[in-house]
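Secondary and tertiary structure notes
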Amino acid sequence: MSQSPAFANRLQSEFLVRWLPLLAILVGALALRLIFFTGMVRGDDFNYAHAAYDLSLGELNLGGWNGSGRLGLYLPVAVLYRLFDASEVTTLAFPVFASLLSVVCVYGIADHFSGQASGLFAAYLCALLPLDIVLATDLLPDGPTAAFSTGAVFAYLLASQKRGKPAVLFYLLSFAALAWAILIKPVAVITLIFISFHLMWRLFVHKKERILGSKIIQASWFKYSLIALVLAVVLALLFSYLRIERRIFIFAFSRAATDLAKLFITGETDVVFPQLHVTQTNLFWVFTPLFLIAFIYALTRQRNQLGFVLLWLSVAYLYYEWGTINTDITRYEPVEIFTEARSMLFLLAPLIVLAGAYLSQGVPPSITRWLLPVLLWAVVAIAYFLKTDIYSGTLSTYLQTASLAAVFLALISPVFIMNNTGRWKQLITVGYILVLSLATFLPAPVYHPSYVQADREEIELLRLASDYLQEPGLPIYTNVPRKLNYATDFDLGFNWLDRTNVDTDDLILDISVSSPTGIAAYVVFLGNSSSDTSGWMPVAKLESSNYNTTVTVFQISEN
């Protein structure tokens, strides 16, 4: 009994030192995702939600459309629909959970290789990553794919540390996470390739004395061979790349470098403010210098505990860059559209782990434990109070200046983090993290909720319009079946596979052919009709003053 208080004190100390900082960052990450809430506004997300609703009713149509095979994405949503009914909360709970799972997994992997400070920096960067934030509140496969792929790698690492039944348990957990990631999106097979390769390597190393002798496979041999291989590939591609594209390959080592390359190499930009051009899409670009430097740091450090992460990154990048999008290894085609940008979210996990290891060299763990949660919650406060005014002229200029400062501080940080000690080393790290946090507010169309507010108001108007559909049994026609179906929590039961992109003329034609005598149907029409609606009796007209959105409900009689 005398050990009980000591044991309790030890548990309390463990919670305060190790888990409380992570928990604070995790809750801050959730707050940011709710503040910058986007919701269902794009297109495929409605399809996944509809597939989940059908599955909750026991209907599974794997051949209905291109995304119907991604059972891993909409099965959890179907379960939530079954338990709690269809709603925006039950639709988006799974992607939000996946986003927070990514934060936990990058923390665990970085902590495994470089300690708690590295893990906290990695979790902080993941919590702030704009691409992760924008995907956290939309039912799209990319965020969950990245989360479960990263979770599979984390469980595999834990399994490699264990023996006996615990090891088997974590191997099974890794396999389950990987299988689920592939069910969400087949691109997760990249992680399977990496884990399989690394597992074979480990088995090979265990037999090294019988095969090649003990000297030829050592940590140093592997480290310098990896560095030589990477440098050889970089140089070979650099020459071919310069010959074809006339750009510098180092800025294109990953697709996360697109915006930085556009700024420094081509000068192509979207936003202009006093004599400076700044790229408008901040999904990657303020993080890119940090990723590049962290990558070089991992290659050149004396102890090669980050070799696992480098191998993970290399396999993922090579497969993604030249196996899924572009098969010509001599060309670099930058990310130009959001659809392609979001598809590479899984590639950022190893880069974030490397960045966490790099930044942790600058600040002692004792400071990191309270500094990063405080900074993140300061960002949450700024985001909450300024979310409606973030595009005012003066503030926008400040944010653009902060983004340039973040790039500059990242570029000079090696001088302080790797070559100095004491206060300067800590100051430059803290300064960079603070400026980077502010820079992530830089306006970007797919990031800030104001860019999707018009779409969200359309959903709300359609939800209100459904209240005017009072007579049961009458057919309902609309030019936005997917949105109307989702807005009514699928109560109207549209089959949007048969009725997509329907215009007014098609509605009239369908009704004139199939309707009975008298009041034949309802029409819920989004936008201004350009066709003859003289025979339609308006029931309600709903308008949005902010975005000139109009939804009209008609009843139609056969004439």
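It should be noted that the structure appears before, not after, this text.
Residues numbered from 1 in each chain as written. Predicted model: local features only at pLDDT ≥ 70, side-chain atom pairs only at ≥ 80, totals over all residues. Heavy atoms only, no water.

1. A closer look at the overall build of the protein chain
- Broken down by element type, the protein chain carries 22 helices and six strands.
- Residues classed as buried in the protein chain amount to 53% of the 559 residues present.
- Residue pairs at least 24 apart in sequence account for 75% of intrachain contacts in the protein chain once pairs closer than 6 positions are excluded.
- When the accessible surface of the protein chain is summed, it comes to about 25300 Å², and 62% of that surface belongs to carbon and sulfur atoms. (Helix = DSSP H or I, 4+ residues; strand = E, 2+ residues; numbered from the N terminus. Buried < 20%, exposed > 50% of the residue type's maximum accessible area, 1.4 Å probe, protein only. Contact = heavy atoms within 4.5 Å. Areas by Shrake-Rupley, 256 points an atom, 1.4 Å probe, with all protein chains shown as cover.)

2. Details of unusual backbone geometry
- We note that D85 has phi near 75°; this positive angle belongs to a residue other than glycine.
- As for its placement among the helices and strands, D85 is situated in the loop between α3 (71-84) and α4 (88-114).
- By relative accessible area, which is 56% here, D85 ends up exposed.
- Of note in this structure, D489 is not a glycine but carries a positive phi near 55°.
- Along the chain, D489 falls in the loop between α21 (481-487) and α22 (504-514).
- By relative accessible area, which is 28% here, D489 ends up partly exposed.

3. Focus: the environment of K185
- Its location among the elements puts K185 in the loop between α8 (165-184) and α9 (189-206).
- In this structure, the C-alpha to C-alpha distance between K185 and T145, residues 40 residues apart in sequence, is 6.2 Å.
- Once residues within four sequence positions are removed from consideration, K185 is found in contact with R70, P141, D142, T145 and S343.

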